[in-house]
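# Structural overview for review
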Amino acid sequence: MSTVTSSTEPAAAPPVGAGLSGLSRGRSVTNSVMTVVVYGAFLLALVPLAWILWTVLSRGYSLLLDQNWWLTSQRGITPRRVGGGAYHAILGTLVQAAVCALIAVPIAVFTAIYLVEYGRGKLARAVSFMVDILTGIPSIVAALFIYAVWVTTFGLQRVGFAVSLALVMLMIPVVVRSTEEMLKLVPNELREASYALGVPKWKTIARIVIPTALSGIITGVLLGLARVMGETAPLLILGPYSASINTSLVDGPMAALPTMIKDNFGQALQPATDRLWASALTLILLVLLLNGAGRVVARFSAVR
Amino acid sequence: MAQRIDVKDLNVYYGAFKAVEDVSMSIEPRTVTAFIGPSGCGKSTFLRTLNRMHEVIAGGRVEGTVALNGRDLYSKDIDPVAVRRTVGMVFQRPNPFPTMSIFDNVAAGLRLNGVKTKAVLAEAVERSLKGANLWNEVKDRLDKPGAGLSGGQQQRLCIARAIAVEPQVLLMDEPCSALDPISTLAIEDLIDEIKQQYTIVIVTHNMQQAARVSDRTAFFNLAATGKPGRLIEMGDTAKIFSNPTEKATEDYISGRFG
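Keep in mind it's a predicted model, so treat the numbers as computed, not measured. (Residues numbered from 1 in each chain as written. Chains lettered and ligands numbered in written order. Predicted model: local features only at pLDDT ≥ 70, side-chain atom pairs only at ≥ 80, totals over all residues. Heavy atoms only, no water.)

### Looking at the overall build of chain B
When helices and strands are tallied, chain B shows 10 helices and 10 strands. Seen through its C-alpha atoms, chain B measures out along the principal axes to roughly 55 × 45 × 30 Å. Of all 258 residues assigned to chain B, the portion counted as buried reaches 55%. Restricting to contacts in chain B with at least 6 residues of sequence separation, those with at least 24 account for 67%. Total accessible area on chain B stands at roughly 10800 Å², and carbon and sulfur atoms take up 50% of it. (Helix = DSSP H or I, 4+ residues; strand = E, 2+ residues; numbered from the N terminus. Buried < 20%, exposed > 50% of the residue type's maximum accessible area, 1.4 Å probe, protein only. Contact = heavy atoms within 4.5 Å. Areas by Shrake-Rupley, 256 points an atom, 1.4 Å probe, with all protein chains shown as cover.)

Right, here's the structure in full:
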């Protein structure tokens, strides 16, 4: 900010002391140009974001105001008809994400504890390398892998649980990396203080290190969750859409918000188009809510 | 309660690097022993071998014996966790547990070692905080975070935390180097009081402090950078500061180097 004001100030008066000189013309020109470039880039990056938000909000908000949107499914409602809601899809997204977190968080947190507190030598390097590879796996490849195991090998149906398993593969590396960073932030002095009291290492980790890093770990988990909730590829491969409410993860197709969006896409009928925007907005709101929750948790459990 | 320490032919390593060479010394119970010497001479490293904290660092290992009342701390059947319960430690920078209140900080050592009875904990916390001269300042806000205290209070909190588990020996690694003179004085008075009950070993860069608080002083030095540190001379503090045997000790104490 200060660079903006300094560029508009007139060049300083001739120097009094030796070696001091006014702001040179070349530098003030460069400063102005760079200021314009930096702010321009910032605004340019902001344009698509604001545009998306505005489009989704303006086209989707009206359906969300109706309580039926939150309480009913699309059962028996054709693309031509108005009405129905997204309850089935919201439920599916939340349940699949919750089950995914239930599996992924313990694995990821323990992996991170191993890497930071215990890992030495070859095995730790191998684990860390694997996590890096996992980070780079495209979501559709993770989905195909689960398909190969779940459907091809075991001959099971494409159900919500299979989607959760694919999401687990995508969530683990995110949570491992964020938890690792948080554990590394815990000062070594705290571990030593605990050892010096005659506390064993595992208890030091469980009672001193984890509580100190807890807010960061939770924030990382919520951000990871927000990321996998919008994943579409696993749903396309493993989670066929259904217009009715299905609470079972292991029986029958289970809807989710991304597949609901896709189902309404390309129908060229106004009621379906409205539902498309409304479900997109619902998904954005859910992710936003999780992000917000992450920030609140971080603020309130932060170590002072 | 206080116990003596006998160190014999101790070599201390970081991986392949020998940091301290061939130290033998005896530390008497109920005395304050000060370690002085230039930076990098291995006095802190040596101090950390007295409660097996040195091996917490990757590659840290020792050769030789450290005997507490005749029992070698490094013999195979000794649990390092039990050693640290017996030989407590106060660090250079105050390091209260940031997630815990003042009460919980002092109670941490007992609680994490399985003491659950409220009355026992409350009694130990009060006794330790009184022992650390901190009780009057914090008795009305025991439930407030320990990290909210001033630096000097935090360091006394850490001392209270260390003595709450009733160790036999208390090691102090430059406990005043991050504190102002008034807090330093408070800590020094405290050391003088608690030496009735504990064997205290203190590392310090402040020679006036060593002269003020200690009964015996050990001077460490190293021949050159990259060479291991050695114990040059150890004796009664009065003698070391007035009439040292070794030339290097005299040079260091009179400020001619280091």
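After that view of the structure, there is still more to cover.
### As for the overall build of chain A
Across its full length, chain A carries 12 helices and zero strands. The order of α-helices and β-strands along chain A, N terminus first, is α-α-α-α-α-α-α-α-α-α-α-α. Its C-alpha atoms give chain A a radius of gyration of 26 Å, clearly above 19 Å, the size a compact globule of 304 residues would have. By principal-axis analysis of the C-alpha atoms, chain A measures approximately 85 × 60 × 35 Å. A buried classification covers 41% of the 304 residues belonging to chain A. Within chain A, contacts between residues at least 6 apart in sequence are counted, and of these 74% link residues at least 24 apart. (Rg over C-alpha atoms; globule rule 2.2 N^0.38 Å.)

### Examining unusual backbone geometry
Positive phi, normally seen in glycine, also occurs at Ala268 of chain A, with a value near 55°. Take Ala268 of chain A: it is sitting in the loop between helix 11 (257-264) and helix 12 (270-300). Ala268 of chain A sits in the exposed class, given a relative accessible area of 74%. In this model, Asn133 of chain B sits at a positive phi of 55°, which is unusual for a non-glycine residue. Along the chain, Asn133 of chain B turns up in the loop between helix 4 (118-131) and helix 5 (135-138).

### Things to note about the confidence of the model for chain B
Residues and elements named next belong to chain B. Across chain B, the average pLDDT comes to 90, with 99% of residues at or above 70. Confidence, read as mean pLDDT per element, is least for helix 7 (residues 181-194) in chain B (87) and greatest for strand 3 (residues 32-36) (94). Scored by ipTM, the complex comes to 0.89, with pTM at 0.83. (pLDDT = per-residue confidence, 0-100.)

### What to know about the packing of aromatic side chains
In this description, an aromatic ring pair is defined by two values, namely the gap between the centres and the angle between the planes. The tally for this structure, following the rule as stated, stands at five aromatic pairs over all chains. Between Phe46 of chain B and Phe220 of chain B, the aromatic rings sit 5.6 Å apart at their centres with planes inclined by 45°, giving tilted as the arrangement. One end of the pair, Phe46 of chain B, is in helix 1 (residues 43-49); the other, Phe220 of chain B, is in strand 9 (residues 216-222), with 174 residues separating them in the sequence. One Lys or Arg, Lys201 of chain A, reaches over the ring of Tyr118 of chain A and ends 4.7 Å from the middle of that ring. The aromatic ring of Phe97 of chain B is capped on one face by Arg161 of chain B, whose charged end is 4.5 Å from the ring centroid. (Phe/Tyr/Trp six-rings, centres within 6.5 Å; stacked < 30°, edge-to-face > 60°. Lys NZ or Arg CZ within 6 Å of the ring centre and 35° of its normal.)

### Observations regarding the environment of Asn246 of chain A
All names here are of chain A. Note on placement: Asn246 falls in the loop between helix 10 (233-238) and helix 11. As for Asn246 and Thr219, which are separated by 27 residues in sequence, their C-alpha atoms are 30 Å apart. If sequence neighbours within four positions are ignored, Asn246 has contacts with Leu91, Asp251, Gly252, Pro253 and Met254. Engagement of the side chain of Asn246 in a polar contact is seen with the backbone nitrogen of Ser248, the distance being 2.9 Å. (Polar contact = N/O pair within 3.5 Å; in protein donor to acceptor, adjacent residues only side chain to side chain.)

### Some details on the side chain of Thr204 of chain B
Residues and elements named next belong to chain B. With respect to the element layout, Thr204 can be found in the loop between strand 8 (199-203) and helix 8 (207-213). Among the polar contacts made by the side chain of Thr204, one reaches the main-chain amide nitrogen of Asn206 at a distance of 2.9 Å. In terms of polar contacts, Thr204 uses its side chain to reach the side chain of Gln209, at 2.8 Å. In this view, Thr204 contacts Phe35, Ile36, Lys43, Glu174, Gln209 and Ala210; residues no more than four positions away in its chain are not counted.

### A short note on the interface of chain A and chain B
With 19 residues of chain A at the interface, the matching set in chain B holds 26 residues. Taking both partners together, chain A and chain B bury about 2000 Å²; carbon and sulfur atoms supply 66% of that area. Among the residues of chain A in contact with chain B, Glu192, Ala196 and Leu197 of chain A are the three that bury the most area, contributing 30% of the side total. Residue Glu189 of chain A is joined to Arg93 of chain B by a salt bridge in which the shortest nitrogen-to-oxygen separation is 3.3 Å. The interface formed by chain A and chain B holds six residue pairs in polar contact (both at pLDDT 80 or more) in total. Elements that contribute at least two residues to the side of chain A that touches chain B include exactly helix 8 (188-196) and helix 9 (201-229) of chain A. Considered class by class, the residues forming the side of chain A that touches chain B number 10 nonpolar, three polar and six charged. (Buried area = accessible area lost by both parts, 1.4 Å probe. Salt bridge = Lys/Arg side-chain N within 4 Å of Asp/Glu carboxyl O. Nonpolar A, V, L, I, M, F, W, Y, C, P; charged D, E, K, R; others polar.)

### A few points about the pairing of strand 4 (residues 60-68) of chain B
Consecutive side chains along a regular strand alternate between the two faces of the sheet. Residue and element names in this part refer to chain B. Bridging between strand 1 (residues 5-14) and strand 4 involves eight bridges; their strand directions are antiparallel. Looking at the pairing, Asn11 lines up with Glu63 of strand 4. Across two bridges, the pairing between strand 4 and strand 5 (residues 71-72) is antiparallel. For Ala67, the partnering residue across the bridge sits in strand 5 and is Asp72. Linking two consecutive strands that pair antiparallel, namely strand 4 and strand 5, is a turn of two residues; a positive phi of about 45° is found at Asn69 within it. (Pairing = 2+ DSSP bridges.)

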